[in-house]
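# Architecture and fold: a report
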Amino acid sequence: GESVGLHLPTLSVQEGDNSIINCAYSNSASDYFIWYKQESGKGPQFIIDIRSNMDKRQGQRVTVLLNKTVKHLSLQIAATQPGDSAVYFCALNNAGNMLTFGGGTRLMVKP
Amino acid sequence: DSGVTQTPKHLITATGQRVTLRCSPRSGDLSVYWYQQSLDQGLQFLIQYYNGEERAKGNILERFSAQQFPDLHSELNLSSLELGDSALYFCASSVARRGGRDTGELFFGEGSRLTVL
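### Let's talk about the overall build of chain B
- Along its length, chain B carries 0 helices and 11 strands.
- Counting from the amino terminus, chain B carries its helices and strands in the arrangement β-β-β-β-β-β-β-β-β-β-β.
- Here the C-alpha atoms of chain B give a radius of gyration of 14 Å, agreeing with the 13 Å that 2.2 N^0.38 yields for 117 residues.
- A principal-axis box enclosing the C-alpha atoms of chain B has dimensions of 40 × 25 × 25 Å.
- Here chain B holds 117 residues, and 50% of them are scored as buried.
- For chain B, the exposed area adds up to about 5,700 Å²; of that, 48% sits on carbon and sulfur atoms.

So this is what it looks like as structure tokens:
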């Protein structure tokens with residue numbers, strides 16, 4: 001079955017710097033990818049998604065890059081702020097909405 | 001605030017007991033999902049309901065069951081509880097189109113933290 005993994009369990013960045021969170025997946029048939037943010041004590045919150053017919057998608061301060069050749073996904077956060085401190089999950093959307101989540105990366109923003 | 005309400009927020013019980021977790025989806029959302037989040041397993045999909053009917057099933061134990069009622073709220077029943085069932089249980093909802101591909105934008109509640117002693 002599919003698996004979704006993350007390269008770094010914890011990422012510490014200085015406020016104002018850009019953050020890059022990476023994710024690898026194993027199922028080459030996956031065609032839809034999503035990033036979620038989970039703040040302490042809260043449920044995951046949708047950030048941005050991308051389908052396999054795209055290699056880049058931008059939102060407000062966030063960009064998701066998809067490299068299907070190496071089965072790699074990244075989330076870039078520009079001008080990281082203290083409010084960005086959270087755990088970030090990448091997920092694959094299987095049939096329907098059965099999301100397979102990665103293990104998560106904790107982003108810590110230093111003031 | 002995601003608009004998804006889960007109760008109770010915290011629950012402490014003993015092994016062998018049974019508990020019911022409740023979820024009210026966002027207004028208008030027809031699909032409800034249940035996820036389990038534990039330290040060693042991460043976020044695991046349990047089950048999905050769409051407009052009262054089971055739509056997808058993940059790694060849900062036979063001791064666990066769920067249902068979605070006509071008013072679209074859902075309940076997750078956990079029975080014969082074991083220490084390893086201690087986890088955060090999240091409910092999420094989405095609009096979920098009939099047929100075709102759903103979006104990955106699920107709206108999660110704040111979870112019910114279950115502690116089994």
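Next comes the rest of the account.
### Observations concerning the packing of aromatic side chains
- Taken as a whole and judged by the stated rule, the model has 11 aromatic pairs over all chains.
- Relative to tyrosine 35 of chain B, the ring of phenylalanine 101 of chain A lies with its centre 5.6 Å away and its plane at 90°, an arrangement referred to as edge-to-face. Taken as a pair, phenylalanine 101 of chain A in strand S10 (residues 99-101) and tyrosine 35 of chain B in strand S4 (residues 31-38) lie in two separate chains rather than in one. By the burial criterion, phenylalanine 101 of chain A is buried, and tyrosine 35 of chain B matches it.

### Observations concerning the sheet that holds strand S1 (residues 5-7) of chain B
Residue and element names in this part refer to chain B.
- One open sheet accounts for 4 strands, arranged S1-S3-S8-S7; its pairing is antiparallel. Each of the sheet's edge strands pairs with one partner strand only, and the pair in question is S1 and strand S7 (64-68). Adjacent strand axes in the sheet meet at a mean angle of 15°, parallel and antiparallel pairs treated alike.
- Alignment of S7 against strand S8 (residues 74-78), held across 5 bridges, turns out to be antiparallel. For glutamine 67, the partnering residue across the bridge sits in S8 and is glutamate 75.

### With respect to the state of the cysteines
Residues and elements named next belong to chain B.
- Counting across every chain of the model gives 2 disulfides over all chains.
- There is a disulfide in this structure between cysteine 23 and cysteine 91, and the S-S distance comes to 1.8 Å. Because the torsion about its S-S bond is -55°, the bridge between cysteine 23 and cysteine 91 counts as left-handed. Here cysteine 23 is found in strand S3 (residues 19-24), whereas its partner cysteine 91 is found in strand S9 (residues 87-94), with 68 residues between them in sequence. Both residues of the pair, cysteine 23 and cysteine 91, count as buried.

### Topic: the interface of chain A and chain B
- At the interface, 19 residues of chain A touch 18 residues of chain B.
- At the boundary of chain A with chain B, total buried surface from both sides reaches about 1,600 Å², with 52% on carbon and sulfur atoms.
- Elements supplying a minimum of two residues to the side of chain A that touches chain B: strand S4 (32-38), strand S5 (45-51), strand S9 (86-93) and S10 of chain A.
- Per-element accounting of the side of chain A that touches chain B gives the leading share, 4 residues, to S4 of chain A.
- Of the residues assigned to the side of chain A that touches chain B, the class counts are 9 nonpolar, 7 polar and 3 charged.

### Describing the nonpolar core
- Counting 21 residues, the largest nonpolar core has Phe33, Trp35, Leu73, Leu75, Tyr88 and Leu107 of chain A as its most contacted members.
- When contributions to this core are tallied by element, the ones reaching two or more residues are strand S2 (10-14), strand S3 (19-25), S4, S5, strand S7 (62-67), strand S8 (72-77), S9 and strand S11 (105-110) of chain A.
- Top element by residues in this core is S9 of chain A. It accounts for 4 residues.
- Setting aside residues up to four positions removed in sequence, leucine 107 of chain A forms contacts with Leu11, Val13, Ser19, Ile77, Thr80, Asp84, Ser85, Ala86 and Tyr88 of chain A.
- Formed by 20 residues, the second largest nonpolar core is a distinct cluster that contains Trp34, Leu46, Ile60 and Leu114 of chain B.

Conventions used here
Residues numbered from 1 in each chain as written. Chains lettered and ligands numbered in written order. Predicted model: local features only at pLDDT ≥ 70, side-chain atom pairs only at ≥ 80, totals over all residues. Heavy atoms only, no water. Helix = DSSP H or I, 4+ residues; strand = E, 2+ residues; numbered from the N terminus. Rg over C-alpha atoms; globule rule 2.2 N^0.38 Å. Buried < 20%, exposed > 50% of the residue type's maximum accessible area, 1.4 Å probe, protein only. Areas by Shrake-Rupley, 256 points an atom, 1.4 Å probe, with all protein chains shown as cover. Phe/Tyr/Trp six-rings, centres within 6.5 Å; stacked < 30°, edge-to-face > 60°. Pairing = 2+ DSSP bridges. Axes fitted to C-alpha atoms, helices over the stretch in contact; angles between N-to-C directions. Disulfide = S-S within 2.5 Å. Contact = heavy atoms within 4.5 Å. Buried area = accessible area lost by both parts, 1.4 Å probe. Nonpolar A, V, L, I, M, F, W, Y, C, P; charged D, E, K, R; others polar. Core = buried A, V, L, I, M, F, W, Y, C linked by side-chain atoms within 4.5 Å.

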